[in-house]
Amino acid sequence: KTTYANGFFYCMNYSPFSVLSYDATANNRGGGGGEWTKIEAPMRRFLRTPNLVECRGRLVLVAAVEKNKLNVPKSIRIWGLQQSRTSWIELERMPQALYDDFMMVSRKKAFHCIGHGNQILITLPGSPDMLLYDFYEKVWRWAARCPFALNPVSGPDMPSNSQPAPFHAFAYDPRLEALVC
């Protein structure tokens with residue numbers, strides 16, 4: 001779960017939750033090697049399933065927050081890393097009704113996130129359901145199920161109630177400048 005944004009590689013450290021960053025541009029500046037830094041994660045004691053994604057050059061942390069005390073509602077939240085690269089700002093919080101639906105669909109399992117442009121896609125292991133968040137429109141919505149994602153083991157001998165296969169997604173942005181010979 002490593003993410004690249006603005007010359008830095010980022011990855012999660014799980015004990016306790018924090019984000020590790022590696023300055024990949026240090027070699028270009030004649031430093032002889034990159035530099036590692038540790039960035040404290042927001043609400044680190046209450047995070048579940050943290051995911052790092054890049055959206056429009058910005059590092060974004062998507063995670064479930066599970067805290068029953070002090071009136072902190074359970075939710076999925078999105079934080080953006082500040083330019084100082086030492087602190088986070090909360091950008092969005094999933095509406096409670098949608099969170100309740102999401103938890104029923106996910107069966108409280110982990111989820112995976114993919115960032116691309118202005119959107120974050122949340123996929124659920126073992127499920128064809130996907131949730132989208134659009135930063136530009138500030139909207140959460142369920143993605144339509146793909147009619148082509150049929151269970152690969154389905155066939156004439158399989159029961160008609162077999163479920164669609166789960167998605168495994170990744171962000172891909174084809175560009176001409178990637179074709180360097």
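In what follows, the accompanying structure is described. Note that the structure is a prediction, hence the values are computed from the model and not measured.

### A short note on the sheet that holds strand 2 (residues 8–14)
Alright, step 1. The antiparallel open sheet is built from four strands, whose spatial order is 1-2-3-4. Every interior strand has two partners, whereas the edge strands, strand 1 (3–5) and strand 4 (36–40), have only one. Averaged over neighbouring strand pairs, the angle between their axes works out to 30° when direction is ignored.
Alright, step 2. Pairing of strand 1 with strand 2, which is carried by three bridges, proceeds in the antiparallel orientation. When the bridges of strand 2 are listed, Tyr4 appears paired with Phe9.

### What to know about the pattern of salt bridges
Alright, step 1. All told, the structure shown has six salt bridges when counted by the stated rule.
Alright, step 2. Note that Arg141 and Glu137 form a salt bridge whose closest N and O atoms lie 3.5 Å from each other.
Alright, step 3. Assessed through its relative accessible area of 32%, Arg141 is described here as partly exposed.
Alright, step 4. Overlapping salt bridges, with partners in common, bring together Arg77, Glu90 and Arg93 in one network.

### Digging into the sheet that holds strand 12 (residues 139–142)
Alright, step 1. The antiparallel open sheet is built from four strands, whose spatial order is 9-10-11-12. Of all strands in the sheet, those bounded by a partner on one side alone are strand 9 (112–116) and strand 12. Put simply, the sheet's adjacent strands are angled 20° from each other on average, direction ignored.
Alright, step 2. This element, helix 1 (residues 96–106), spans strand 10 (119–123), strand 11 (130–134) and strand 12 of the sheet and lies at about 30° to strand 12.

Rules used in this analysis
- Residues numbered from 1 in each chain as written.
- Predicted model: local features only at pLDDT ≥ 70, side-chain atom pairs only at ≥ 80, totals over all residues.
- Heavy atoms only, no water.
- Pairing = 2+ DSSP bridges.
- Helix = DSSP H or I, 4+ residues; strand = E, 2+ residues; numbered from the N terminus.
- Axes fitted to C-alpha atoms, helices over the stretch in contact; angles between N-to-C directions.
- Salt bridge = Lys/Arg side-chain N within 4 Å of Asp/Glu carboxyl O.
- Buried < 20%, exposed > 50% of the residue type's maximum accessible area, 1.4 Å probe, protein only.
- Contact = heavy atoms within 4.5 Å.

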